[in-house]
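Letter by letter, the chains look like this.
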Amino acid sequence: MKIGLKTISALACTLCVSVAVGGSAYAGPDDSSLIIEGQNIATDVKAPEGSAFDQLYSGWRFRATETQSLQEDDFENPAFVAVDQAIEEFHNVDGSAGKSCADCHSDVSDFKDVRASLPRWNAKTNKPETLENIINECRTERMGAKAWKWESTQMLGMTALVGLQSRGSAVNVQTDGPMAEWFERGKKLYYTRVGQLDMSCAHCHENNFGTMIRADHLSQGQVNGFPVYRLKWQGLGSIHRRFKGCMDNIRAKPYKRGSDEFIALELYVASRGAGLSVETPSVRN
Amino acid sequence: MKSGKYLAAALLLASISSVGLSGVAYGETTAPDAVKFVDDEVSKSLTGAAGNVESGRKVFANRKQGNCLACHANKDLASQPFHGEVGPPLDGVADRYEAAALRAILVNSKIALNEDTIMPSFYRLKNGVRTADKFVGKTVLSAEQVEDVLAYLQTLKDE
């Protein structure tokens, strides 16, 4: 039996709204469809061959209606405060070269589809790069500016703005060639039990997605919507912050944001969402 | 179910005069590494005594302790919000499992249930890699807490 307590406005609500008492049935993803600004967002797609899933579902499909609706309208989406700030930052001159982002990238929409294929291989550094890496490389190499911290307001805003240019594009990361080794590394991390509570990513997000773990509706752990505006955080957060949160919950010592381990895991998890639309910046609880 | 196994275990136990040598550092309490599993069951109380039902009910619900409601629904605690669905509901669990089987599941679910289970092992020192510093060398629950939860679980019967 399920009792819905839909009393609190979704913005103020930091807890999930459904109360399950006495062993309710599998709740699964819901069957809502997501259209933003007239654009169709694929929140479920048939899983590619070799996937652990039959069907891939965006985390959006596991959220309460109130939370979902916040993402359906950019004026309601609380992440757009940061996006607007990032548009200003994009034109802000910073560093010894006296340049802004806009001096090289005249229109931010030049970044269309970039987010969909990240992390991608960087032959110069000889490792995969995330959007944070790409932005900081621009800042340090071309602008002569200081690198932004991974979880800084500026970095989150800029990854949201750049990522937004790929909204609606299908996730498609390279996993072969030089990426293969990193893919395997990420896969190994995904299936390794960690922490005193002794669970791997797969225990919750592969074997038990769709069920309630206390007040949380377990999703497939897809990362197509990052950076995400999380109501619990009252702000944007990176993929690596979310990884850290999971590891903390399991009483494990998290890897550092930007570490090789988290980059490998980001690659592997991104590959598990191949075909889902980029939703950046998404809203979750 | 496992009733055949229970019978076999009971017969086996009857033929063994004393099961489990006491753990040195834990006094009368059995140390995590010294818990004896026989046929995936643990017949001897970890503390040598019966647990306390009321304490066990609290440990069961406490999010920093058993946090059992994270995964298991339990009508006896309907006053608490948010019962999980990951594991089976525990209503009537005492009708389905003997105490020795329940104790084994609590102590080390990977032995008692299966090695791939999501369920934490509540009285085992060696868990996942990179265990956070403040939990290294510690079990999720103490021996006393395991016995208390067990005593509570044994009250969960379908009438």
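About the cut-offs
Residues numbered from 1 in each chain as written. Chains lettered and ligands numbered in written order. Predicted model: local features only at pLDDT ≥ 70, side-chain atom pairs only at ≥ 80, totals over all residues. Helix = DSSP H or I, 4+ residues; strand = E, 2+ residues; numbered from the N terminus. Rg over C-alpha atoms; globule rule 2.2 N^0.38 Å. Buried ≥ 20, exposed ≤ 12 C-beta atoms within 10 Å, placed from the backbone. Contact = placed C-beta atoms within 7 Å. Domains from an automatic or database assignment. Nonpolar A, V, L, I, M, F, W, Y, C, P; charged D, E, K, R; others polar. Core = buried A, V, L, I, M, F, W, Y, C linked by C-beta atoms within 7 Å. Arc of directions from axis to C-beta. Axes fitted to C-alpha atoms, helices over the stretch in contact; angles between N-to-C directions. Parallel < 35°, antiparallel > 145°, perpendicular 65-115°, else oblique. Pairing = 2+ DSSP bridges. pLDDT = per-residue confidence, 0-100.

Considering the overall build of chain A
Then, number 1: If you tally the helices and strands in chain A, you get nine helices and 13 strands.
Then, number 2: Relative to a compact globule of 285 residues, whose C-alpha radius of gyration would be 19 Å, chain A shows 19 Å and is just as compact.
Then, number 3: Dimensions along the principal axes, computed over C-alpha positions, put chain A at roughly 65 × 40 × 35 Å.
Then, number 4: In chain A, which comprises 285 residues, the proportion classed as buried is 41%.
Then, number 5: Within chain A, counting contacts between residues at least 6 apart in sequence, those at least 24 apart form 69% of the total.

Thoughts on the overall build of chain B
Then, number 1: Counting secondary structure elements, chain B contains six helices and zero strands.
Then, number 2: Burial analysis of chain B (159 residues in total) assigns 38% to the buried set.
Then, number 3: In chain B, of all internal contacts separated by at least 6 residues, the share reaching a separation of at least 24 is 54%.

Details of the domain arrangement of chain A
Residues and elements named next belong to chain A.
Then, number 1: Each assigned domain of chain A is listed with its residue range as follows: domain 1 (29-77 + 169-284) and domain 2 (80-164).
Then, number 2: When each unit is reduced to the centre of its C-alpha atoms, the spacing between domain 1 and domain 2 is 22 Å.
Then, number 3: Put simply, the parts of the chain that give the side of domain 1 that touches domain 2 at least two residues each are helix H8 (239-249) and helix H9 (260-271).
Then, number 4: By residue class, the composition of the side of domain 1 that touches domain 2 is 13 nonpolar, eight polar and four charged.

Quick look at the interface of chain B and chain A
Then, number 1: Between chain B and chain A, the contact holds 25 residues from the first and 26 residues from the second.
Then, number 2: Class assignment for the residues of the side of chain B that touches chain A results in 15 nonpolar, six polar and four charged.

Some points on the nonpolar core
Residue and element names in this part refer to chain A.
Then, number 1: Judged by nonpolar contacts, the single largest core of 54 residues is most densely connected at Ala160 and Leu267.
Then, number 2: Among the elements that make up this core, the one with the highest residue count is H9 (eight residues).
Then, number 3: Residue contributions to this core reach at least three from each of two domains, namely domain 1 (29-77 + 169-284) and domain 2 (80-164).
Then, number 4: The contacts of Leu267, once residues within four sequence positions are left out, are Pro119, Pro128, Val173, Met179, Trp182, Phe183 and Gly186.

Looking at helix H2 (residues 80-90) of chain A
Residue and element names in this part refer to chain A.
Then, number 1: Among all positions of H2, only Ala82, Val83 and Ala86 are buried. For H2, the arc enclosing every buried residue in end-on projection is 100°, short of the 170-degree limit, so these residues lie on one face. Seen from the open side of H2, the exposed residues pointing more than 90 degrees away from its buried face are Asp84 and Glu88.

Observations regarding helix H4 (residues 99-107) of chain B
Then, number 1: Counting buried positions over the nine residues of H4 of chain B gives eight, a clear majority of the element.
Then, number 2: The set of residues buried in H4 of chain B consists of Ala100, Ala101, Leu102, Arg103, Ala104, Ile105, Leu106 and Val107 of chain B.

Regarding the packing of H2 of chain A against helix H5 (residues 153-164) of chain A
All names here are of chain A.
Then, number 1: Running from N to C, H2 and H5 point in directions that differ by 95°, and their axes come no closer than 8 Å. When the axes of H2 and H5 are compared, the pair comes out roughly perpendicular. Along its contact with H2, which presents Ala82, Val83, Gln85, Ala86, Ile87, Glu89 and Phe90, the element H5 presents Gln154, Leu156, Gly157, Met158, Ala160, Leu161 and Leu164.
Then, number 2: Its residues assigned to classes, the contact of H2 with H5 comprises ten nonpolar, three polar and one charged.

Examining the sheet that holds strand S11 (residues 228-230) of chain A
All names here are of chain A.
Then, number 1: Pairing within the open sheet is mixed, and its three strands lie in the order S12-S11-S13. Lying at the two open borders of the sheet, with one neighbouring strand each, are strand S12 (235-237) and strand S13 (282-284). Recorded for the sheet is a direction-independent mean angle of 40° between the axes of neighbouring strands.

Overview of the packing of helix H4 (residues 131-142) of chain A against H5 of chain A
Residue and element names in this part refer to chain A.
Then, number 1: Following both chains from N to C, one finds H4 and H5 inclined at 105°, their axes separated by 10 Å at the closest point. One way to sum up the angle between H4 and H5 is to call them roughly perpendicular. Seen from H4, the contacting residues are Leu131, Glu132 and Ile135; seen from H5, they are Met155, Met158, Thr159, Val162 and Gly163.
Then, number 2: Of the residues belonging to the contact of H4 with H5, the class tally is five nonpolar, two polar and one charged.

Some details on unusual backbone geometry
Working note: non-glycine residues mostly have negative phi, and peptide bonds are mostly trans.
Residues and elements named next belong to chain A.
Then, number 1: With an omega of -5°, the peptide bond between Phe226 and Pro227 qualifies as cis.
Then, number 2: Checked against the element boundaries, Pro227 lands in the loop between strand S10 (216-217) and S11.
Then, number 3: Thr280 connects to Pro281 through a cis peptide bond whose omega is -5°.
Then, number 4: Relative to the assigned elements, Pro281 resides in the loop between H9 and S13.

Overview of the environment of Lys75 of chain B
Residues and elements named next belong to chain B.
Then, number 1: Looking at where Lys75 falls in the secondary structure, it is placed in the loop between helix H2 (53-61) and helix H3 (93-96).
Then, number 2: Taking the C-beta count within 10 Å as the criterion, Lys75 has 14 such neighbours and is therefore assigned partly exposed.
Then, number 3: Between the C-alpha atom of Lys75 and that of Ala132, which follows or precedes it by 57 residues, the distance is 33 Å.

Considerations on the environment of Val81 of chain A
Then, number 1: With respect to the element layout, Val81 of chain A can be found in helix H2.
Then, number 2: The spatial distance from the C-alpha of Val81 of chain A to the C-alpha of Val269 of chain A is 28 Å, given a sequence separation of 188 residues.

Some remarks on the confidence of the model for chain B
For any part of a model where pLDDT is low, the fine detail of the predicted coordinates should not be relied upon.
All names here are of chain B.
Then, number 1: Mean pLDDT over chain B works out to 88, with 82% of the residues at or above the 70 mark.
Then, number 2: Confidence drops under pLDDT 50 across residues 1-25; counting only partners more than four residues distant or on other chains, this segment forms 29 contacts.
Then, number 3: This complex was scored by the predictor with a pTM of 0.87 and an ipTM of 0.84.

Focus: the environment of Leu106 of chain B
Then, number 1: Its place among the elements puts Leu106 of chain B in helix H4.
Then, number 2: Not counting chain neighbours up to four residues away, the residues in contact with Leu106 of chain B comprise Phe122, Tyr123, Val146, Val149 and Leu150 of chain B.

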